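# A look at the structure
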Amino acid sequence: MNRPIPSRTVAPFPTTRLRRTRSSAALRDLVRENSLGVNDLIWPVFVVEGDDVEQEVASMPGVTRKSIDRLVEAAHEAADLGIPAICLFPYTDPALKSEACEEAWNPDNLSNRAIRAIKQAVPDIAIMTDIALDPYNANGHDGIVQDGEILNDETNVALVRMALAQAEAGADILGPSDMMDGRIGAIRSAIEGADHRNLTIMSYTAKYASAYYGPFRDAVGASGALKGDKKTYQMDPANTDEAMRLVERDLMEGADMIMVKPGLPYLDICRRVKTEFGVPTFAYQVSGEYAMQEAAAANGWLDGDKVMAESLMAFKRAGCDGILTYYAPRMAKMLSEA
Ligand code: PBG
């Protein structure tokens, strides 16, 4: 993958005809360099309060917020399809949002109740969480805000509490998505201290200040609350070297897996992470990417299934070990039918 091609492997035409190995499906199958399997998929899901509730997310056609009972059913189906992990995002009642964000580490908050319910009913699927204050913050930011400033170290204290509550609830993969400095180390030492030795951390290491998150903020009910932008903590889309420094930093602090986010517009970052560090590398095909493809498909401008499969293969080609994608169950079905 991405090795320089020694010139001797390319004899002049007609000795070399690169179309030969493309001439039949069997030959194409034989020489295919990358593959996408159900094991590569992590399914992000939205959970909402209530019983037997399922709400459409207008900007993400085909995606719903589900009450815990419905989510447990969905987790069952995902596990049956062979999807290894789901990632929970709560839609928080605005009445529970505050400046101090205490609901984030309430052991009985919606997200922690969902973790327990899924763990009990579907023990084989790994549960990934989101660690950031935005679903619980009255101002929609990922960190504690004071006088207009997003406070780093004070936020880390809150994130550690949040991580410990998720660990106690039974999470398998913690996903710090907040981009505060030092949070991976703080979380790692707290969970080691609490004897959660096998609890993994997938750090949202290279998370860019992106306009592609819009539909997600609708899904979790954070768009209304958000004041300003996230540019003082999320990365500048112009930067690459800085992402490599963040990867090195997060690995040193105890991250087990690295994530790049958004996905397709940042495949160069995925490739560099994999090539330079050789660590488990993931990408998040975010809400805006999903919305764009689905909008075009709904208009009949693109073939939705084909674009889904092609977009997910692109991540594998770029060196990713897996992809967080709203397409996970649909792609898994397509793979099982193939
Ligand atoms: C929040 C968070 C965001 C996403 C995942 N966790 C949004 C943000 O940073 O504003 C985006 C996911 C998506 O767009 O699909 N900490």
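Residues numbered from 1 in each chain as written. Predicted model: local features only at pLDDT ≥ 70, side-chain atom pairs only at ≥ 80, totals over all residues. Heavy atoms only, no water.

### Side note on the overall build of the protein
- Within the protein one finds 11 helices and 12 strands.
- Its C-alpha atoms give the protein a radius of gyration of 21 Å, near enough to 20 Å, the size a compact globule of 338 residues would have.
- Here the protein holds 338 residues, and 52% of them are scored as buried.
- Restricting the contact set of the protein to residue pairs at least 6 apart, pairs at least 24 apart contribute 75%.
- Here the protein has roughly 15600 Å² of accessible surface; of this, 52% comes from carbon and sulfur atoms.
- Of note, the protein has its 35 positive side-chain charges centred 10 Å away from the centre of its 49 negative side-chain charges. (Helix = DSSP H or I, 4+ residues; strand = E, 2+ residues; numbered from the N terminus. Rg over C-alpha atoms; globule rule 2.2 N^0.38 Å. Buried < 20%, exposed > 50% of the residue type's maximum accessible area, 1.4 Å probe, protein only. Contact = heavy atoms within 4.5 Å. Areas by Shrake-Rupley, 256 points an atom, 1.4 Å probe, with all protein chains shown as cover. Lys, Arg positive; Asp, Glu negative; His and termini not counted. Charge placed at Lys NZ, Arg CZ, Asp CG, Glu CD.)

### Things to note about the packing of helix 3 (residues 110-121) against helix 4 (residues 152-169)
- Interhelical geometry of helix 3 versus helix 4 gives an angle of 25 degrees and a closest axis separation of 8 Å. On the basis of the axis angle, helix 3 is roughly parallel to helix 4. For the pair helix 3 and helix 4, the crossing hand works out as right-handed. On helix 4, the residues that touch Asn112, Ile115, Arg116 and Lys119 of helix 3 are Ala165, Gln166 and Ala169.
- When the residues that make up the contact of helix 3 with helix 4 are grouped by side-chain class, the tally is three nonpolar, two polar and two charged. (Axes fitted to C-alpha atoms, helices over the stretch in contact; angles between N-to-C directions. Parallel < 35°, antiparallel > 145°, perpendicular 65-115°, else oblique. Left-handed = near helix turned anticlockwise from the far one by under 90°. Nonpolar A, V, L, I, M, F, W, Y, C, P; charged D, E, K, R; others polar.)

### Considering the site of the ligand
- Near the ligand there are 18 residues, and of these Arg217, Lys230, Lys261, Ser287 and Tyr326 occur at the shortest range.
- Between Lys230 and the ligand, the recorded distance is 2.7 Å, taken from a side-chain N or O atom to an oxygen atom.
- In the environment of the ligand, an oxygen atom lies 2.9 Å from a nitrogen or oxygen atom belonging to the side chain of Gln234.
- Calculation on the ligand without its partners gives an accessible area of 400 Å², and the protein chains cover 100% of this total.
- Here the shell around the ligand is composed, by residue class, of eight nonpolar, three polar and seven charged. (Near = heavy atom within 4 Å. Polar contact = N/O pair within 3.5 Å; in protein donor to acceptor, adjacent residues only side chain to side chain.)

### Some remarks on a negative patch on the surface
- Taken together, the side chains of Asp147, Glu149, Asp153 and Glu154 present a region of like negative charge at the surface.
- Mapped onto the fold, Glu154 is located in helix 4. (Patch = residues over 30% accessible without salt bridge, like charges linked within 9 Å, V, L, I, M, F, W, Y side chains within 5 Å. Salt bridge = Lys/Arg side-chain N within 4 Å of Asp/Glu carboxyl O.)

### Considering the packing of aromatic side chains
- All chains considered together, the criterion is met by 10 aromatic pairs.
- Residues Phe46 and Tyr326 carry aromatic rings whose centres are separated by 5.8 Å and whose planes lie at 20 degrees to one another, so their mutual orientation is stacked. Here Phe46 is found in strand 1 (residues 41-47), whereas its partner Tyr326 is found in the loop between strand 12 (322-325) and helix 11 (328-337), with 280 residues between them in sequence.
- The class for Tyr326 is buried, based on a relative accessible area of 6%.
- Three or more aromatic residues link up through ring pairs in this structure, and these residues are Phe46, Phe89, Tyr204, Phe216, Tyr284, Tyr290, Tyr326 and Tyr327.
- For the cation-ring pair, Arg161 lies above Trp105, with the distance from its terminal atom to the ring centre recorded as 5.2 Å.
- When the ring centre of Tyr284 is taken as origin, the NZ or CZ atom of Lys261, which lies over that ring, is 5.0 Å away. (Phe/Tyr/Trp six-rings, centres within 6.5 Å; stacked < 30°, edge-to-face > 60°. Lys NZ or Arg CZ within 6 Å of the ring centre and 35° of its normal.)

### Quick word on the pairing of strand 12
- Alternating residues of strand 12 divide into Gly322 and Leu324 and Ile323 and Thr325, and every residue in both groups is buried.
- Pairing of strand 1 with strand 12 involves two bridges; the strand directions are parallel. Note that in strand 12 the partner of Ile42 across the bridge is Leu324.
- Where strand 11 (residues 281-285) and strand 12 come together, four bridges link them in parallel fashion. Counterpart to Tyr284 in the pairing with strand 12 is Leu324. (Pairing = 2+ DSSP bridges.)

### Focus: the packing of helix 4 against helix 5 (residues 183-193)
- At their nearest, the axes of helix 4 and helix 5 sit 9 Å apart, and the two run at 40 degrees to each other. Taken together, helix 4 and helix 5 sit at an angle that is classed as oblique. The handedness of the crossing between helix 4 and helix 5 comes out as right-handed. Across the interface between the two elements, Asn156, Leu159, Val160, Ala163, Leu164 and Ala167 from helix 4 touch Arg183, Ala186, Ile187, Ala190 and Ile191 from helix 5.
- Residues belonging to the contact of helix 4 with helix 5 are distributed by class as follows: nine nonpolar, one polar and one charged.

### Quick look at a positive patch on the surface
- A surface patch of like charges, here positive, comprises Arg17, Arg19, Arg20 and Arg22.
- On the secondary structure map, Arg22 appears in the segment before helix 1 (25-31).

### Describing the environment of Leu27
- Following the sequence through the fold, Leu27 ends up in helix 1.
- Each C-alpha atom of the pair Leu27 and Gln293 lies 30 Å from the other, and the pair is 266 residues apart in sequence.
- Among all residues touching Leu27, those that are not within four sequence positions of it are Arg20 and Thr21.

### A few points about helix 8 (residues 267-277)
- All buried positions along helix 8 are accounted for by Leu267, Ile269, Cys270, Arg271 and Val273.
- Tucked into the core, helix 8 has its buried residues touching strand 9 (200-207), helix 7 (241-253), strand 10 (257-261), strand 11 and helix 10 (304-317).
- Looking at the residues trailing helix 8, positive phi occurs at Gly278, about 60 degrees.

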